[in-house]
Amino acid sequence: MANIASARKRARQAVKNRAHNMALRSRFRTSVKGVLKAIRAGDQEGASVAYRSAVPVIDSTVSKGLIHRNKAARHKSRLNARIREMGQA
């Protein structure tokens, strides 16, 4: 355990920030899984609705600094491509 007051405070803040980041990361993953679940079920309309609700969640994780903007773009692009692919099949 830290001896200096500022280091003790930093440790307390780190615990709080980690819990917050884990919750946001979980929300991000859950939204992506919702789209993937609809894709696997073959429900294109449901996948489109889930995708439209997942995009703001993905973008907010970028703005909060949890994931890189390129990772967010990659996720959105791949999910959208899989949804479009369903319409052609």
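Residues numbered from 1 in each chain as written. Predicted model: local features only at pLDDT ≥ 70, side-chain atom pairs only at ≥ 80, totals over all residues. Heavy atoms only, no water.

Undergrad: Would you explain the packing of helix H1 (residues 5-41) against helix H3 (residues 69-88) in this entry?
TA: The relative placement of two packed helices is expressed as an angle between their axes plus a distance between the axes. Between H1 and H3, whose axes approach to 10 Å, the crossing angle comes to 15°. As judged from the angle between their axes, H1 and H3 are roughly parallel. Note on packing geometry: the crossing formed by H1 with H3 is left-handed. Each of Phe-28, Val-32, Val-35, Leu-36, Ala-38 and Ile-39 in H1 lies in contact with H3, whose residues at this interface are His-75, Leu-79, Arg-82, Ile-83 and Met-86. Per-class residue counts for the contact of H1 with H3 are 9 nonpolar, 1 polar and 1 charged. (Axes fitted to C-alpha atoms, helices over the stretch in contact; angles between N-to-C directions. Helix = DSSP H or I, 4+ residues; strand = E, 2+ residues; numbered from the N terminus. Parallel < 35°, antiparallel > 145°, perpendicular 65-115°, else oblique. Left-handed = near helix turned anticlockwise from the far one by under 90°. Contact = heavy atoms within 4.5 Å. Nonpolar A, V, L, I, M, F, W, Y, C, P; charged D, E, K, R; others polar.)

Undergrad: Where do I start with a positive patch on the surface in this structure?
TA: A contiguous patch of positive charge, built from Arg-8, Lys-9, Arg-10, Arg-12 and Lys-16, is present on the exposed surface. As for its placement among the helices and strands, Lys-16 is situated in helix H1. Take Lys-16: its relative accessible area is 62%, and that puts it in the exposed class. (Patch = residues over 30% accessible without salt bridge, like charges linked within 9 Å, V, L, I, M, F, W, Y side chains within 5 Å. Areas by Shrake-Rupley, 256 points an atom, 1.4 Å probe, with all protein chains shown as cover. Salt bridge = Lys/Arg side-chain N within 4 Å of Asp/Glu carboxyl O. Lys, Arg positive; Asp, Glu negative; His and termini not counted. Charge placed at Lys NZ, Arg CZ, Asp CG, Glu CD. Buried < 20%, exposed > 50% of the residue type's maximum accessible area, 1.4 Å probe, protein only.)

Undergrad: In this structure, what is going on with the nonpolar core? I would like to understand it.
TA: Soluble globular proteins tend to pack their nonpolar side chains together in the buried interior. Grouped together as the largest cluster of nonpolar side chains are 17 residues, with contacts concentrated most on Val-32, Val-35, Ile-39, Tyr-51, Ile-58, Leu-79 and Ile-83. Listing elements by their share of this core, those giving two or more residues are H1, helix H2 (44-63) and H3. In this structure Tyr-51 touches Val-35, Lys-76, Leu-79, Asn-80 and Ile-83, once residues within four positions along its chain are discounted. (Core = buried A, V, L, I, M, F, W, Y, C linked by side-chain atoms within 4.5 Å.)

Undergrad: I tried to follow the packing of H1 against H2 on my own but got confused; where do I start?
TA: One way to put it is that H1 packs onto H2 with a least axis distance of 9 Å and a crossing angle of 160°. Judged by the angle between their axes, H1 and H2 are roughly antiparallel. Seen from above, H1 lies across H2 with left-handed handedness. Taken together, the residues of H2 that come into contact with H1 (itself represented by Leu-24, Arg-27, Phe-28, Ser-31, Val-32, Gly-34, Val-35, Ala-38 and Ile-39) are Gly-46, Ala-47, Ala-50, Tyr-51, Ala-54, Val-57, Ile-58, Ser-60 and Thr-61. Residue composition of the contact of H1 with H2, by class: 12 nonpolar, 5 polar and 1 charged.

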